[in-house]
Amino acid sequence: MIRPATSGPSQGLVEAECNILTCSRERIGVFFRKEERRFRKKVPQSAVTKNLLYCQIRFPMRKGSLVTIFSVTEPGLLKAGEELYVCEKFLMGTCQNDSSCLGYHILLPFHWQFHHKYSNCWYSVPLGTQMHLEMIYANPNYTAAKIVYVGKTLYLDMNSKIFQSSSPSGFDYARRICCKSDSPFTPSSEVYWHNGYKWVPYDQESGNQSSNLQNPDGTKTQLEEMYLIKTSRPKYVPLYQNVNKLRIWHSEISKTLSLWGEEATDIYIGEHPYKNQVKMSRRDFFTVVEMAPSEPAYQYCCQLFHDSIPPEQAVVLRIYRLYNPYFWMLYQREKRRLKRLQIPSPLEYHLFCQTPISLEELAKYGLCPKTRGTEGILGRGLYFSLNASVLSSQKTVNSGYMTVLAKVLIGEKTLGNYLFNSAPCKEDGYEYDACVDDMNMPTLFTVFRKELTYPYFIIFYKCIEDPVHLVY
């Protein structure tokens, strides 16, 4: 049995309520991810940095390293309570009764747990799974959640919170622990009505006391409110919006301050903004570091991501920033060159890469048009867009997706053409830096040189219809 660190949240599927006198640091459940055990054997204790909220673990990668702040099975449960409610004072950072408090001390205003019929214990699921389940629960059109655990598929009824009877895992039912109804952290309920095909939001404030029901033949029938079939669900609030209200996430000042140069700006030219924050071995060429949800850059990435994919349709699991000194040197050298040309602003953009690529390949080789370039309406090159797209995201092993939010230097641009195999030339014989779909308000971009891009942020996410994994 592996014990969690005493200075951070417990790890794994956490066993709860086997005993009413459960200690504040609960022991790890028997359902522990085999892959994580192998990772822990590889990682020396010196590679683990612990603090009040995060537990940084450095995993070796070829020519570099990956630093996470949450375990793949971290549930965010710091203390189980004797009563089934989340302590709102702990979320605000003001709970003084750490050991005698009757409520649950967790990192979110809600908490999902699965009951195992053989051990008669409750097990907390990881943070990413918590958010995915909450997103499904808030949408009444999804009556069941498909859950994948150690290669087995389970189905959880979101209304009754009961697993199907043939569940091979031993889990029989689930529960959702939340704040008290009068708590400011309790989300407002959203009312839905059924139009004959699906549940749609019901406008309670409108003066219209009847609604139109569309029939299969296309006609509409007027239904009085007394005949409407209605239901209500708690409104889904994504993590990046939750942490702004939860002071427990802001216990570290360094995690709440923005770094100059991380935003898209033409002014900043210098060292990598994260250089003084990262510890990298001399043997490493790069380091991929997970961002804390309380960081302004994390919330900025989420806002850009959800501008194209609504938060009710996709949940952000993790966001990493890439520190590669060599790639950054090439990018800054190109930025200085373009600045000397006095090209009209904006010069630097934050754009979503439209080419699927794995994390390790991205960190080692960057975004290279020669190897990752694709043919399209603007020519053969690296494609970027203002909007994130599931179709252009890299599929991950846990049925999720990975997309790259990169810094891109557009420079001098021209309209693209599908016949371009390289950057077209200007009248003076020099090449354009980029091709776009519209000269006035471009939304699609393509570049032909690696130095014009720097893959700064890497976003891992899942869509609402994807299977729920008990690791993320």
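Residues numbered from 1 in each chain as written. Predicted model: local features only at pLDDT ≥ 70, side-chain atom pairs only at ≥ 80, totals over all residues. Heavy atoms only, no water.

(A) Region of interest: the pattern of salt bridges. Scanning the entire structure with this criterion turns up twelve salt bridges. Put simply, arginine 318 and glutamate 290 hold a salt bridge, and the shortest N to O gap is 2.8 Å. Placement of the pair is arginine 318 in strand 18 (residues 314-323) and glutamate 290 in strand 17 (residues 286-290), with a sequence separation of 28 residues. Its relative accessible area of 3% is what places glutamate 290 among the buried residues. Two residues, lysine 426 and glutamate 412, come together in a salt bridge whose shortest N-O distance is 2.5 Å. A residue pair is termed long-range when its members are at least 10 positions apart, and lysine 426 in the loop between strand 24 (413-415) and strand 25 (434-436) and glutamate 412 in the loop between strand 23 (401-409) and strand 24 qualify at 14 residues. Residue classification places lysine 426 among the buried positions, given a relative accessible area of 16%. Of the residues examined, glutamate 412 reaches a relative accessible area of 27% and is grouped as partly exposed. (Salt bridge = Lys/Arg side-chain N within 4 Å of Asp/Glu carboxyl O. Helix = DSSP H or I, 4+ residues; strand = E, 2+ residues; numbered from the N terminus. Buried < 20%, exposed > 50% of the residue type's maximum accessible area, 1.4 Å probe, protein only.)

(B) A look at the pairing of strand 27 (residues 453-463). Within strand 27, eleven of the eleven residues are buried, which leaves the element mostly enclosed by the surrounding structure. Direction of pairing for strand 23 relative to strand 27: antiparallel, over a ladder of seven bridges. Bridged to threonine 403 within strand 27 is isoleucine 459. (Pairing = 2+ DSSP bridges.)

(C) Examining the nonpolar core more closely. One finds Phe114, Ile147, Trp249, Phe305 and Phe384 to be the most contacted residues of the largest nonpolar core, which totals 118 residues. With sequence-adjacent residues up to four places away left out, phenylalanine 305 is seen in contact with Ala314, Val316, Phe352, Ala388, Thr403, Ile459 and Tyr461. Counting residues in hydrophobic clusters, the runner-up holds six residues, among them Leu378, Tyr383, Ala423 and Cys435. (Core = buried A, V, L, I, M, F, W, Y, C linked by side-chain atoms within 4.5 Å. Contact = heavy atoms within 4.5 Å.)

(D) Spotlight on the side chain of lysine 407. Mapped onto the fold, lysine 407 is located in strand 23. Classification of lysine 407 by relative accessible area gives buried; the value is 0%. A distance of 3.1 Å separates the side chain of lysine 407 from the backbone oxygen of glycine 261, its partner in a polar contact. (Polar contact = N/O pair within 3.5 Å; in protein donor to acceptor, adjacent residues only side chain to side chain.)

(E) Geometry of the environment of tyrosine 349. With respect to the secondary-structure elements, tyrosine 349 resides in strand 19 (residues 348-353). Relative accessible area serves as the criterion here: at 17%, tyrosine 349 is assigned to the buried category. In this structure the C-alpha to C-alpha distance between tyrosine 349 and aspartate 266, which are 83 residues apart in sequence, comes to 9.0 Å. Beyond its immediate sequence surroundings of up to four residues, tyrosine 349 is in contact with Ala264, Ala406, Lys407, Val408, Ile410 and Phe445.

(F) Region of the structure containing the sheet that holds strand 12 (residues 189-194). With antiparallel pairing, three strands are arranged side by side in an open sheet as 13-12-16. If you trace the sheet from one side to the other, it starts and ends with strand 13 (199-201) and strand 16 (230-234), each paired once. Within the sheet, the average angular offset between the axes of one strand and its neighbour, ignoring direction, is 40°. (Axes fitted to C-alpha atoms, helices over the stretch in contact; angles between N-to-C directions.)

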